[in-house]
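# Inside the fold
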Amino acid sequence: MSSEMEETSTRVSERGQATRGALLRAAREVFCEQGFAQAAVTDIVARAGASVGSLYHHFNGKADLYLTLFEEFQVRQQERTREAIHRIRENGDDDPKSQFLAGAAAYLEGSVSERELSRLFISGDGPPGFDRIMRERLNKWARRNAALFHSSAGGFNEPLVIVLTGAMISAVDVVSAGEDIERSRRLAANIIKVLATIQPVE
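This section reports on the structure supplied with the text. Given the structure is predicted, the values throughout are model-derived calculations rather than measurements. (Residues numbered from 1 in each chain as written. Predicted model: local features only at pLDDT ≥ 70, side-chain atom pairs only at ≥ 80, totals over all residues. Heavy atoms only, no water.)

## Quick notes on the overall build of the chain
Each helix and strand counted, the chain has nine helices and zero strands in total. Starting at the N terminus and ending at the C terminus, the chain contains elements arranged as α-α-α-α-α-α-α-α-α. The burial tally for the chain puts 40% of its 202 residues in the buried class. A separation of at least 24 residues holds for 70% of the contacts in the chain among residues at least 6 apart in sequence. Total accessible area on the chain stands at roughly 11,100 Å², and carbon and sulfur atoms take up 52% of it. (Helix = DSSP H or I, 4+ residues; strand = E, 2+ residues; numbered from the N terminus. Buried < 20%, exposed > 50% of the residue type's maximum accessible area, 1.4 Å probe, protein only. Contact = heavy atoms within 4.5 Å. Areas by Shrake-Rupley, 256 points an atom, 1.4 Å probe, with all protein chains shown as cover.)

## A short note on the pattern of salt bridges
This model, assessed by the stated rule, comprises 12 salt bridges. The residue glutamate 114 makes a salt bridge to arginine 28 at a minimum N-O spacing of 3.5 Å. With glutamate 114 in the loop between helix H5 (96–113) and helix H6 (115–122) and arginine 28 in helix H1 (residues 3–34), the pair connects residues that are 86 residues apart, well separated along the chain. Each member of the salt-bridge network shares a partner with another, and the members are Arg28, Arg76, Arg80 and Glu114. (Salt bridge = Lys/Arg side-chain N within 4 Å of Asp/Glu carboxyl O.)

## A word on the nonpolar core
Membership of the largest hydrophobic core comes to 46 residues, with the highest contact counts inside it found for Phe31, Ile44, Leu65, Leu108 and Phe121. For this core, the secondary-structure elements that each account for two or more residues are H1, helix H2 (41–48), helix H4 (62–90), H5, H6, helix H7 (130–146), helix H8 (158–177) and helix H9 (181–195). For leucine 108, the contacting residues outside a window of four places in its chain are Met168, Ala171, Val172, Val175, Ala188, Ile191 and Ile192. (Core = buried A, V, L, I, M, F, W, Y, C linked by side-chain atoms within 4.5 Å.)

## Structural notes on H6
Regarding H6, the residues found buried are Leu117, Ser118, Leu120, Phe121 and Ile122. Note on H6: the residue one or two positions beyond its end, glycine 124, has a positive phi of about 90°.

## Considering H8
With 20 residues, H8 should cover 28 Å at 1.5 Å per step; its first-to-last C-alpha distance of 29 Å lies within 8% of that length. Listed as buried for H8 are Leu160, Val161, Leu164, Thr165, Met168, Ile169, Ala171, Val172, Val175 and Ser176. (Expected span 1.5 Å × (residues − 1).)

## A short note on the side chain of lysine 97
Among the structural elements, lysine 97 can be located in helix H5. Aspartate 95 provides the closest opposite charge to the buried, unpaired lysine 97, separated from it by 7.2 Å. Separated by 2.4 Å, the side chain of lysine 97 and the backbone oxygen of alanine 196 make a polar contact. Side-chain polar atoms of lysine 97 contact the backbone oxygen of isoleucine 198, separated by 3.2 Å. (Lys, Arg positive; Asp, Glu negative; His and termini not counted. Polar contact = N/O pair within 3.5 Å; in protein donor to acceptor, adjacent residues only side chain to side chain.)

## Here's the deal with the side chain of arginine 137
Summarising the element assignment, arginine 137 is placed in helix H7. Within the structure, the side chain of arginine 137 is placed 3.0 Å from the side chain of glutamate 71, a separation counted as a polar contact. Filtering out sequence-adjacent residues up to four positions away, arginine 137 remains in contact with Phe70, Glu71, Gln74 and Gln78.

Geometric descriptors of this kind do not, in isolation, establish any biological role.
In structure tokens form, the structure reads like this:
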């Protein structure tokens, strides 16, 4: 391929990425303002300055846009959690409970700092079956973190998973709903203090 053809291909690729990004930003705004059910594809493409055809070139439709936003949000949440646990370990704290609480605090902070998006996902206003996806994702997160707490026999602590999953779903719901960001952060900090009192059963 000639350098001229490569440059043309790069420009086309960059335009495609720019269009995809604009569609996701517009979808985020429209979904947060109107909810998933009321949002129209025409509203999204108009705000993105794109065409309906370009939307369907990059996504399968409105539900695909929503799920992509959710997956990208979850990646950011996982990164926040990972970094928080890494910092704890770097400081020499190898206590599993400290690591879990640091990760949970980072997860809730992400829910506060991106509360409009988090509120959208926790509201239940999504594509058919999305509430199940949301709960499964939080359950997976809780199971991964609860794995830090094994019983003395080395077994997995199922009651702890149930408690942590329910607690995190409720906590994300509440801290995302608040309009006062500082109050939501104080509430999140107090939730972490309560989680710190939970002990796995043997």
